[in-house]
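Listed below are the residues making up each chain.
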Amino acid sequence: MFSNYLIGLREGLEASLVVCILIAYLVKTGRRDAVKPIWAGIGVAIAIAMGFGCALEFGSQELTFQAQEALGGSLSIVAVGLVTWMVFWMRRTARNLRSELHGKLDAALKLGTGALVATAFLAVGREGLETALFVWASVHAASDGTPRPLVGVALGLATAVLLGWLFYRGALKINLAKFFTWTGGMLVVVAAGVLAYGFHDLQEADWVPGLNDLAFDISGAIPPDSWYGTLLKGVFNFQPDPTVVQVTVWALYLVPVLALFLSPVGFASGKGKVKEPDEQGTQPSAASQA
């Protein structure tokens, strides 16, 4: 449940910050007439993301078992690829996100209502589709027959909306660079578990060999239905009897990706070492900087 809460919080807060920046900029520049098209684009993006999630969930139920496992495994790998790209992109661009969105909004204001709707749709829609895919893959991996994974996602999204509103109102100041670094690192750990489970799905679909070749089996020490087994599965997608392929994929992804993500080198565009974020203060509110 915690891993799904983290996904909802992290992805939802990104979308909330984008909305805050867009709306605050229009209000600050006296273009309140352009707020409705922005909300229209946001509404369309949310609807499409929800429709995409529903299509994944209900569409896959019509497939055979092997087809379901093949689809689940393939989409899990795609989701991990997208979320990995996203966490690296956000860490690199977090400091410049506001100015980048302002530039796109200025261009859209010159083109008219349709461009404003498209700008909001593209800015939020990408986050929504990534969230829908990764949430579906994570819930599929962590599913234990209860609604807890979905509850975790819903609570994370609700928290993100609340934080976004507080950020917009100026009641909350956070260091976005540090926030996205820490949550990004935790999300990489979650993604490693989703990737390993995705390969297990492919093994069950007979796409990848070695389904019965276990790396270890500690089900006796950590029963999957125990409270601590459920906790480990919910947080880390832990499996007490993984295959050799799962453990290998998990390690080959987690170790280099996490080391590269936490490294201070290579995140500044075209430059070597990233400058350290301001330790003295926090990011101002969206409304005050718009």
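Keep in mind it's a predicted model, so treat the numbers as computed, not measured.

Considering the overall build of the protein chain
- Tallying secondary structure elements over the protein chain gives 10 helices and 0 strands in all.
- Secondary structure elements of the protein chain occur, N-terminal to C-terminal, as α-α-α-α-α-α-α-α-α-α.
- Burial statistics for the protein chain: of 290 residues in total, 48% are counted as buried.
- Within the protein chain, residue pairs in contact and separated by at least 24 positions form 81% of the contacts whose partners lie at least 6 positions apart.
- With an accessible surface of roughly 14100 Å², the protein chain has 68% of that area assigned to carbon and sulfur atoms.

A word on the nonpolar core
- In this structure, Leu22, Leu26, Ile38, Leu101, Leu105 and Leu116 are the most contacted members of the largest nonpolar core, which totals 31 residues.
- At the level of secondary structure, the elements contributing two or more residues to this core comprise helix H1 (2-28), helix H2 (35-60), helix H3 (65-93), helix H4 (97-111), helix H5 (113-142), helix H6 (148-169) and helix H7 (176-204).
- Leu75, Ala137, Val194 and Phe261 belong to the second-largest nonpolar core, a separate cluster that totals 29 residues.

A look at the packing of aromatic side chains
- Taken as a whole and judged by the stated rule, the model has 1 aromatic pair.
- Here the aromatic rings of Phe88 and Phe261 are separated by 5.5 Å at their centres, their planes lie at 85°, and the arrangement is edge-to-face. Taken together, the positions of Phe88 in helix H3 and Phe261 in helix H9 (residues 244-262) put the pair 173 residues apart, joining distant regions of the chain. With respect to class, Phe88 is no different from Phe261; both count as buried.

Observations regarding the pattern of salt bridges
- By the definition in use, this model includes 1 salt bridge.
- Between Asp33 and Arg31 there is a salt bridge; the shortest N-O distance is 3.1 Å.

Details of the packing of H3 against H9
- Where H3 meets H9, the axes come as close as 11 Å, and the angle between the chain directions of the two elements is 15°. Taken together, the axes of H3 and H9 are roughly parallel relative to one another. Crossing of H3 against H9: the hand is right-handed. Residues Val80, Thr84, Val87, Phe88 and Arg91 of H3 pack against Tyr253, Val257, Leu260, Phe261 and Leu262 of H9.

Concerning the environment of Leu56
- Summarising the element assignment, Leu56 is placed in helix H2.
- Residue Leu56 is classed as buried on the basis of its relative accessible area, which comes to 10%.
- With 15 residues separating them in the primary sequence, Leu56 and Leu71 have C-alpha atoms 9.4 Å apart.
- Every residue in contact with Leu56, bar those within four places of it in the chain, is listed here: Leu75, Ala132, Leu133 and Trp136.

A few points about the environment of Glu204
- Mapped onto the elements of the fold, Glu204 is located in helix H7.
- Under the relative-accessibility criterion, Glu204 is labelled partly exposed at 27%.
- Placed 134 residues apart in sequence, Glu204 and Ala70 show a C-alpha to C-alpha distance of 8.0 Å.

Quick word on H6
- The end-to-end C-alpha separation of H6 is 31 Å, in line with the 32 Å expected for 22 residues at 1.5 Å each.
- Taken residue by residue, H6 has Pro149, Gly152, Val153, Gly156, Ala160, Gly164 and Phe167 as its buried positions. All buried residues of H6 lie within an arc of 105° about the axis, which places them on one face of the element. Of the exposed residues in H6, those oriented more than 90 degrees away from the buried face are Leu150, Val161, Trp165 and Arg169.
- Just past H6, the residue Gly170 takes up positive phi, approximately 85°.

Focus on the side chain of Glu130
- For Glu130, the location among the structural elements is in helix H5.
- Beyond its immediate chain neighbours, meaning those up to four positions away, Glu130 contacts Glu11, Trp85 and Met86.

Digging into the confidence of the model for the protein chain
- The share of residues in the protein chain with pLDDT of 70 or more is 84%, and the mean pLDDT across the chain is 79.
- Mean pLDDT in the protein chain bottoms out at helix H10 (residues 286-289), which sits at 45, and peaks at H9, which reaches 93.

Things to note about unusual backbone geometry
- Here Asp206, not a glycine, exhibits a phi torsion of approximately 65°, which is positive.
- Residue placement: Asp206 occurs in the loop between H7 and helix H8 (227-236).

A few points about H4
- In a regular helix each residue adds 1.5 Å, so 15 residues correspond to 21 Å; H4 covers 22 Å between its end C-alpha atoms and thus fits that length.
- Within the span of H4, buried status applies to Leu97, Arg98, Leu101, His102, Leu105, Ala108 and Leu109. All buried residues of H4 project into a common sector of 130° when viewed along the axis, lining one side. Opposite the buried face of H4, by more than 90 degrees, sit the exposed residues Lys110 and Leu111.
- Where H4 ends, the next residue or the one after it, Gly112, has phi of about 120°, a positive value.

Conventions and cut-offs
Residues numbered from 1 in each chain as written. Predicted model: local features only at pLDDT ≥ 70, side-chain atom pairs only at ≥ 80, totals over all residues. Heavy atoms only, no water. Helix = DSSP H or I, 4+ residues; strand = E, 2+ residues; numbered from the N terminus. Buried < 20%, exposed > 50% of the residue type's maximum accessible area, 1.4 Å probe, protein only. Contact = heavy atoms within 4.5 Å. Areas by Shrake-Rupley, 256 points an atom, 1.4 Å probe, with all protein chains shown as cover. Core = buried A, V, L, I, M, F, W, Y, C linked by side-chain atoms within 4.5 Å. Phe/Tyr/Trp six-rings, centres within 6.5 Å; stacked < 30°, edge-to-face > 60°. Salt bridge = Lys/Arg side-chain N within 4 Å of Asp/Glu carboxyl O. Axes fitted to C-alpha atoms, helices over the stretch in contact; angles between N-to-C directions. Parallel < 35°, antiparallel > 145°, perpendicular 65-115°, else oblique. Left-handed = near helix turned anticlockwise from the far one by under 90°. Expected span 1.5 Å × (residues − 1). Arc of directions from axis to C-beta. pLDDT = per-residue confidence, 0-100.

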